[in-house]
Amino acid sequence: MSRRDESLRPPSTGEGALLAGVVALLFVIVPVIGDVVAVPVALVAVVLGLRGYLREEAGSSWRYVVGAAAGLLSLFAVLLMVAATGLP
């Protein structure tokens, strides 16, 4: 396979988990609307991270672990913010 063909490969599950985890972490710091966006994106990061871990894709092992951890951290941060502000 040539180098050009390698650059056209579809993104792996690990890359999707990492991207979703980073996006969720970014949205956590946005007041009110960020919580609504961060929770579903964080859940996607956790699901993709677990899926990648169970499939054990070669070459992206750190990506799905970091993505799932970022998703869990985002969920925890949203939970803390909701508990601290007393939102229903």
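Quantities reported herein were computed from a predicted structural model and do not represent experimental measurements.

Draft legend 1. Representation of the overall build of the chain in the model. Helix and strand counts for the chain stand at four helices and zero strands. Going residue by residue from the N terminus, the α and β elements of the chain occur as α-α-α-α. Among the 88 residues that make up the chain, the fraction classed as buried is 28%. At a minimum sequence separation of 6, the contacts of the chain that also span at least 24 residues come to 72%. Within the structure as shown, the chain displays about 6000 Å² of accessible surface, and the carbon and sulfur contribution to it stands at 73%.

Draft legend 2. Fine view of a nonpolar patch on the surface. Taken together, the side chains of Leu-25, Leu-73, Phe-76, Leu-79 and Leu-80 present a nonpolar region at the surface, about 490 Å² in accessible area. The element best represented in the nonpolar patch is helix 4 (residues 61-85), accounting for four residues. Structurally, Leu-25 is set in helix 2 (residues 13-28).

Draft legend 3. A look at the packing of aromatic side chains. The tally for this structure, following the rule as stated, stands at one aromatic pair. Arranged with centres 6.0 Å apart and planes meeting at 70 degrees, the rings of Tyr-53 and Tyr-64 form a pair that is edge-to-face. Note that Tyr-53 is positioned in helix 3 (residues 33-55) and Tyr-64 in helix 4, a separation of 11 residues in sequence. Residue classification places Tyr-64 among the buried positions, given a relative accessible area of 7%.

Draft legend 4. Seen up close, helix 3. The first and last C-alpha atoms of helix 3 sit 34 Å apart over 23 residues, in line with the 33 Å expected at 1.5 Å per residue. Taken residue by residue, helix 3 has Gly-34, Asp-35, Ala-38, Ala-42, Ala-45, Val-46, Gly-49 and Gly-52 as its buried positions. Glu-56 sits one or two positions beyond helix 3 and adopts a positive phi of about 50 degrees.

Draft legend 5. Examining the environment of Ala-24 more closely. Note that Ala-24 resides in helix 2. C-alpha of Ala-24 to C-alpha of Leu-43: the two residues are 19 residues apart in sequence and 9.0 Å apart in space. Those residues in contact with Ala-24 that sit more than four places away from it in its chain are Ala-38, Val-41, Ala-42 and Ser-74.

Draft legend 6. Structural context of the packing of helix 2 against helix 4. Interaxial distance between helix 2 and helix 4 falls to 7 Å at its minimum, and their mutual angle equals 25 degrees. Taken together, the axis directions place helix 2 and helix 4 in an arrangement best described as roughly parallel. The interaxial crossing formed by helix 2 with helix 4 has left-handed handedness. Of helix 4, the residues touching helix 2 (which contributes Gly-14, Glu-15, Ala-17, Leu-18, Gly-21, Val-22, Ala-24, Leu-25 and Val-28) are Trp-62, Arg-63, Tyr-64, Val-66, Gly-67, Ala-70, Gly-71, Leu-73, Ser-74, Ala-77, Val-78 and Met-81. Looking at side-chain class alone, the contact of helix 2 with helix 4 contains 14 nonpolar, five polar and two charged residues.

What counts and what doesn't
Residues numbered from 1 in each chain as written. Predicted model: local features only at pLDDT ≥ 70, side-chain atom pairs only at ≥ 80, totals over all residues. Heavy atoms only, no water. Helix = DSSP H or I, 4+ residues; strand = E, 2+ residues; numbered from the N terminus. Buried < 20%, exposed > 50% of the residue type's maximum accessible area, 1.4 Å probe, protein only. Contact = heavy atoms within 4.5 Å. Areas by Shrake-Rupley, 256 points an atom, 1.4 Å probe, with all protein chains shown as cover. Patch = residues over 30% accessible without salt bridge, like charges linked within 9 Å, V, L, I, M, F, W, Y side chains within 5 Å. Salt bridge = Lys/Arg side-chain N within 4 Å of Asp/Glu carboxyl O. Phe/Tyr/Trp six-rings, centres within 6.5 Å; stacked < 30°, edge-to-face > 60°. Expected span 1.5 Å × (residues − 1). Axes fitted to C-alpha atoms, helices over the stretch in contact; angles between N-to-C directions. Parallel < 35°, antiparallel > 145°, perpendicular 65-115°, else oblique. Left-handed = near helix turned anticlockwise from the far one by under 90°. Nonpolar A, V, L, I, M, F, W, Y, C, P; charged D, E, K, R; others polar.

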